[in-house]
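# Commentary on secondary and tertiary structure
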Amino acid sequence: MIQHMYSTLVVLHILAAMSWVGGMIFLSLVLAPLVRSRKAAPEFMALFRSAALRFRPIVWTAIGILLITGPLLLSQRGLSVTDPASWPGIVTVKLALVGLLLFLTLLHDLLLGPRVSRVSAIPESQRTSGEQMVFKTARWLPRVSLLLALGVVIAAAVLARS
């Protein structure tokens, strides 16, 4: 029975991570370059925005699942989230990357995303330097987040093999 519960937690954890990271890969490496190659025609920007907004609840559901299953899986290894001194180095690395990734996701969804929506209504020639910076940040933040997410996946693979 306990092995069945452990296996279920692992599957849920992996599916949640796949949903989040897979969506990031699709948006960053497929959809965003397609939109940029079209010189940000309004219909392509609308498509990207719609896809990103549809992806957001998937991301937050996945994060919720990961935040529930992660500590339970750690406890199956005899580790406690509340005792970082007992963690192996790879757990520390993974959870540090996860924490940074969560911070950047919150920053993107709560601060940057709404600003991009407001600024995109302003013609490019009339945008202030601060408004232009919003767009530049909106381009690199998801890429940094994707690299962090891939780091989490690598750390998870190392952890699974240790």
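Up top is the structure these notes are about.
Turning next to helix 3 (residues 89-120). End to end, helix 3 covers 43 Å across 32 residues, agreeing with the expected 46 Å (1.5 Å per residue, within 8%). If you look at helix 3, its biggest bend is around 40°, right at H108. Where helix 3 is buried, its residues meet helix 1 (2-37), helix 2 (42-76) and helix 4 (129-160).

Attention now moves to the packing of helix 3 against helix 4. It is at 8 Å that the axes of helix 3 and helix 4 come closest, and there the two elements cross at 155°. The angle between helix 3 and helix 4 falls in the class roughly antiparallel. Where helix 3 crosses over helix 4, the two elements pack in a sense that is left-handed. Here the contact of helix 3 with helix 4 is built from residues that sort into 24 nonpolar, five polar and three charged.

Let us now look at the nonpolar core. W20, M24, F55 and L101 are the most contacted members of the largest nonpolar core, which totals 23 residues. Residue assignment for this core shows that the elements contributing at least two residues are helix 1, helix 2, helix 3 and helix 4. When residues no more than four places from it in sequence are discounted, the contact partners of F55 are S19, W20, G23, M24 and L27.

This paragraph deals with the environment of T92. Counting through the fold element by element, T92 comes out in helix 3. Spatially, the C-alpha atom of T92 lies 9.6 Å from that of A155, the residues being 63 residues apart in sequence.

Here we come to helix 2. With 35 residues, helix 2 ought to run about 51 Å at 1.5 Å a step, and its terminal C-alpha atoms sit 50 Å apart, in line with that. Of all the residues in helix 2, the buried ones are F55, V59, A62, I63, L66, T69, G70, L73 and L74. Where helix 2 is buried, its residues touch helix 1 and helix 3. The positive-phi residue at the C-terminal boundary of helix 2 is G78, with phi of around 80°.

Within the fold, L107 resides in helix 3. The exposure class assigned to L107 is partly exposed, which follows from its relative accessible area of 30%. Each C-alpha atom of the pair L107 and L141 lies 9.3 Å from the other, and the pair is 34 residues apart in sequence. Setting aside residues up to four positions removed in sequence, L107 forms contacts with L112 and L141.

Conventions used here
- Residues numbered from 1 in each chain as written.
- Predicted model: local features only at pLDDT ≥ 70, side-chain atom pairs only at ≥ 80, totals over all residues.
- Heavy atoms only, no water.
- Helix = DSSP H or I, 4+ residues; strand = E, 2+ residues; numbered from the N terminus.
- Expected span 1.5 Å × (residues − 1).
- Bend = angle between axes of the 7 residues up to and from the residue.
- Contact = heavy atoms within 4.5 Å.
- Axes fitted to C-alpha atoms, helices over the stretch in contact; angles between N-to-C directions.
- Parallel < 35°, antiparallel > 145°, perpendicular 65-115°, else oblique.
- Left-handed = near helix turned anticlockwise from the far one by under 90°.
- Nonpolar A, V, L, I, M, F, W, Y, C, P; charged D, E, K, R; others polar.
- Core = buried A, V, L, I, M, F, W, Y, C linked by side-chain atoms within 4.5 Å.
- Buried < 20%, exposed > 50% of the residue type's maximum accessible area, 1.4 Å probe, protein only.

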